[in-house]
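Descriptive structure summary
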Amino acid sequence: MTIRRLLPLAALAATLAVPASASALTVYGASSLRDALPSLDKRATYSFNGSNTLQLQIERGAPADLFLAASPTEAQALFAEGRCERPVTFATNVLVLLVPNANPAGITSVYSLRGGGKKLAVGAAGVPIGAYTRSLLKRLRLSSVLTRNTISLESNVANITAKVALGSADAGFVYTTDARSVAGRAKAIRLPTWAQPPVRYQGCVVKRSGADSAGAAAYLERLVSGEGRTVLKQYGFGLPPRG
Amino acid sequence: MPHGAAGAARGGDRAARDRREDTSAARSLSRRAVLAAGGAALLASASAAPTLAAAPKPAPAGDDAGFLAFLAAAEKVSADLYHRALALGGAFDAGERRRLSLVAAGKREAIRRVTGPLGADAPQAGDFGTAFPAAATRTRAGVLALAEKLERLTCGVELNGVADAADPATRLLLGRLLAADSQALSTVRVLAGKPAATGLLAPVDLEAAGDALDAYLTAPTAPAQEDTP
């Protein structure tokens, strides 16, 4: 009798417990990680966008457990605000100039853009790919290409990649990993090594009430482990020295 | 000799002696004046030295940073090459090694001077590695030929920067680096048995210079770039 009475309660308790224990970790990741991260862990819930947009969402209380950004700026800002643990560098990347396979504008090098009159897809200044692009152009003394050509400013690198692959833009500055994702539809033109800005990805465990900090820390640990490094390398990322 | 004549002769001697003394005094005066002027000039240059050392801080404007970023990479490549040269057993005698050490030290100083104004955008240790063709670093002749090529490239970009940089203090810095690197160029030429003078150097634009420099650069932690179509 007592057991019979307890059974529905036990069932209710189990029902309530299931969503809590099975609720997926929420990972906010830079757009350029959109292929690699699900390959490492399919169970997590992902939200991909420009790192600066994700930073802003976390600052406004978005339910992120882990933040993985395409530059140190955003994660370091959240750390300084006390919104995440100390950031960790987990990957590197390089920029390339992406052109559609047909290459109707006949672009053969970044210096081809000096002439002007082309349609360029470029990251907005606040998003990491936009900041890296401006840094690269400044080093090459080619900042003028941003005024001599028709520019569409994009909020994340996935949009730039799509625009070039679909032929809506004559060229765009993306990471080499994004170029791999559209191989067959677009071609990558290498950019001078000496002018490449250092592209470093940093991630941190988000500090907020109700966050799955343990799950986020375990994910981040996995990402910097041999397993995570293998997956990142497979998707074309560079790896920082083991630290 | 009659007295009168002797007296006249003595008088003439005295006059001549007086003239010599006057001339000598004048010469000594002029020497003193020259020495004094030299001393004043030395003093002036000594007092000017702190002014030079305290030259305005470069604040790269527009795309000026491009010259400094290129030089940060180029001077690192040269510094690494001189270290390889110094490690070549028996290729250089003690005097030559001293001269190469001085040039290498100058390269390290140049890196410090160009990375400062770049601030957070400066290349960090580990961003670049260097890779030289084996043949170029195996022999004295190979090292010196590559060193001359790199110094010419560096001087050419500095010359370009002196003409084109927008910020006056950045132009001044590039001019000083050009003076130091021209000296390095002369040193490697002399070590190679060539005349020190090279004739008038030509400016080199960053596109050509970057292509040449990239042949010796690696990015150890960065992924490989996709192939050029």
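Residues numbered from 1 in each chain as written. Chains lettered and ligands numbered in written order. Predicted model: local features only at pLDDT ≥ 70, side-chain atom pairs only at ≥ 80, totals over all residues.

**Looking at helix H9 (residues 213-224) of chain A**
In plain terms, the rule: Every helix listed is a DSSP run of H or I at least four residues long, and every strand listed is a run of E at least two residues long, numbered separately from the N terminus. Expected span of a helix, by definition, is 1.5 Å for each gap between consecutive residues, and there is one gap fewer than residues. Throughout, a residue-residue contact means that the two C-beta atoms, derived from backbone geometry, are no farther apart than 7 Å.
Over its twelve residues, H9(A) extends 17 Å from the first C-alpha to the last, a length consistent with the 16 Å expected when each residue adds 1.5 Å. Buried positions along H9(A) lie against strand S1 (26-30), helix H2 (36-40), strand S3 (66-69), strand S4 (88-93), strand S10 (199-205) and helix H10 (226-234) of chain A.

**Looking at the sheet that holds strand S5 (residues 95-100) of chain A**
Residue and element names in this part refer to chain A. Just so we agree on the cut-off: Strands qualify as paired when DSSP identifies two bridges or more between them. Lines fitted to the C-alpha atoms define the axes, with helices restricted to the stretch that makes contact. Angles between their N-to-C directions range from 0 to 180 degrees.
Pairing is mixed in the open sheet, where five strands are placed in the order S7-S6-S8-S5-S9. The strands lining the two open edges of the sheet, one partner per strand, are strand S7 (150-154) and strand S9 (186-190). Neighbour to neighbour, the strand axes of the sheet diverge by 35 degrees on average, direction disregarded. Judged from the five bridges that link them, S5 and S9 form a sheet pairing that is antiparallel. Following the sheet pairing, proline 100 is matched in S9 by alanine 186. Along the sheet face, helix H5 (residues 128-139) touches S5, strand S6 (119-123) and strand S8 (171-175) and points at about 115 degrees away from the line of S6. The sheet strands contacting helix H7 (residues 157-165) are S5, S6, S7, S8 and S9, and the helix crosses S8 at an angle near 140 degrees.

**Concerning unusual backbone geometry**
Residue and element names in this part refer to chain A. With a phi close to 45 degrees, asparagine 103 is a non-glycine residue in the positive phi region. The phi angle at arginine 141 is positive, at roughly 60 degrees, despite the residue not being glycine. Topologically, arginine 141 is positioned in the loop between H5 and helix H6 (145-148).

**What to know about the interface of chain A and chain B**
To keep it simple, the criterion reads: Only Asp, Glu, Lys and Arg are considered charged in this grouping, and only Ala, Val, Leu, Ile, Met, Phe, Trp, Tyr, Cys and Pro are considered nonpolar; every other residue, Gly among them, is considered polar.
The partner chain B presents 23 residues to the 30 residues of chain A that form the contact. Sorting the residues of the side of chain A that touches chain B by element identifies S4, H5, helix H8 (176-181) and S9 of chain A as the ones contributing at least two each. In terms of residue count, S9(A) provides more of the side of chain A that touches chain B than any other element does, four residues in total. By residue class, the composition of the side of chain A that touches chain B is 15 nonpolar, nine polar and six charged.

**Digging into the pairing of S1(A)**
All names here are of chain A. Rules: To sort residues by exposure, count the other C-beta atoms lying within 10 Å of each residue's C-beta; 20 or more gives buried, 12 or fewer gives exposed, and values between give partly exposed, all with C-beta atoms placed from the backbone.
Within S1, five of the five residues are buried, which leaves the element mostly enclosed by the surrounding structure. Direction of pairing for S1 relative to strand S2 (residues 45-49): parallel, over a ladder of five bridges. Paired with threonine 26 across the strands is threonine 45, a residue of S2. In this structure, S1 lies alongside S3, joined through three bridges in parallel fashion. Directly across from valine 27, in S3, lies its bridge partner leucine 66.

**Observations concerning the sheet that holds S10(A)**
Residue and element names in this part refer to chain A. Pairing within the open sheet is mixed, and its five strands lie in the order S2-S1-S3-S10-S4. In this open sheet, the two strands that pair with only one neighbour each are S2 and S4. Taken over all neighbouring pairs, the strand axes of this sheet differ in orientation by 20 degrees on average, direction set aside. The sheet contacts of helix H4 (residues 72-80) involve S3 and S10, and relative to S10 the element is tilted by about 30 degrees.

**A look at the domain arrangement of chain A**
Residue and element names in this part refer to chain A. Heads up, the condition is: Note: domain ranges come from an automatic or database domain assignment.
Domain assignment breaks chain A into domain 1 (23-92 + 200-234) and domain 2 (95-195). On a C-alpha basis, the centroid separation for the pair domain 1 and domain 2 is 26 Å. With twelve residues of domain 1 in contact, the opposing surface of domain 2 contributes 13 residues. Per-element accounting of the side of domain 1 that touches domain 2 gives the leading share, three residues, to helix H3 (residues 51-59). Across the side of domain 1 that touches domain 2, the residue classes tally to two nonpolar, eight polar and two charged.

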